[in-house]
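Residue-level structural notes
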Amino acid sequence: MSFHNTGYVKLYITRELGLNPDKLGKIDNHRQEVWKTPLPQFIEDIYFKRFKREEPETVKPLKQIMAEMEVKKKQQKAKKEERRKQRALSSGSEE
């Protein structure tokens, strides 16, 4: 079973673990080292060790994750700009 054809769940799991899905081909077994666990099973094992569950509770497509990150980034910039304005007003009134 090829890891790269397993779909969103495995890719989401690898992202949640902090791994880069594009670089997983380097650690894939390729049937050369029979003592190694196959890559999909290895990822499931380390996911279970860290999160104590078989699969993520919710699986989101990459586009949705990127959109959420963009919204969060915009909110953080707005908060930062508001703090700067407050500091400028408070430092200007003290002088």
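Every chain's residues receive numbers from 1 upward, in the order its sequence appears when written. Where local features are concerned, this predicted model is filtered to residues with pLDDT of at least 70; where side-chain atom pairs are given and counted, the filter is 80 or more; whole-chain, interface and lining totals use all residues. Neither water nor hydrogens contribute to the side-chain values; these are computed over all heavy atoms in the structure.

**Some thoughts on unusual backbone geometry**
- Positive phi values are uncommon outside glycine, yet Lys-52 reaches one of about 60 degrees.
- Working definition: helices are DSSP H or I runs of at least four residues, strands are E runs of at least two. Numbering for both runs from the N terminus. You can see Lys-52 is positioned in the loop between helix H2 (39–51) and helix H3 (62–94).

**Quick notes on the pattern of salt bridges**
- Criterion for a salt bridge: a side-chain nitrogen of Lys or Arg within 4 Å of a carboxyl oxygen of Asp or Glu. A full pass over the atoms with the stated rule returns five salt bridges.
- Across the pair Lys-10 and Glu-44 runs a salt bridge whose closest N-O atoms are separated by 2.1 Å. Of this pair, Lys-10 sits in helix H1 (residues 8–16) while Glu-44 sits in helix H2, and the two are 34 residues apart along the sequence.
- For every residue, the accessible area obtained with a 1.4 Å probe (protein chains only) is divided by the maximum for its type, and the residue is called buried under 20%, exposed over 50%, and partly exposed between those limits. Residue class for Lys-10 comes out buried when judged on its relative accessible area of 10%.

**Looking at the nonpolar core**
- Core analysis: the biggest nonpolar cluster contains six residues, these being Ile-13, Leu-17, Leu-24, Leu-39, Ile-43 and Tyr-47.
- Of the residues forming this core, the biggest block, three residues, is contributed by H2. Take the buried residues of types Ala, Val, Leu, Ile, Met, Phe, Trp, Tyr and Cys, join any two whose side-chain atoms come within 4.5 Å, and each joined set is a nonpolar core.

**Re H1**
- Residues of H1 that are buried include every one of Lys-10, Tyr-12, Ile-13 and Thr-14, and no others.
- Positive backbone phi, approximately 90 degrees, marks Gly-18, located one or two places after H1.

Distances and angles like these do not, on their own, reveal function.
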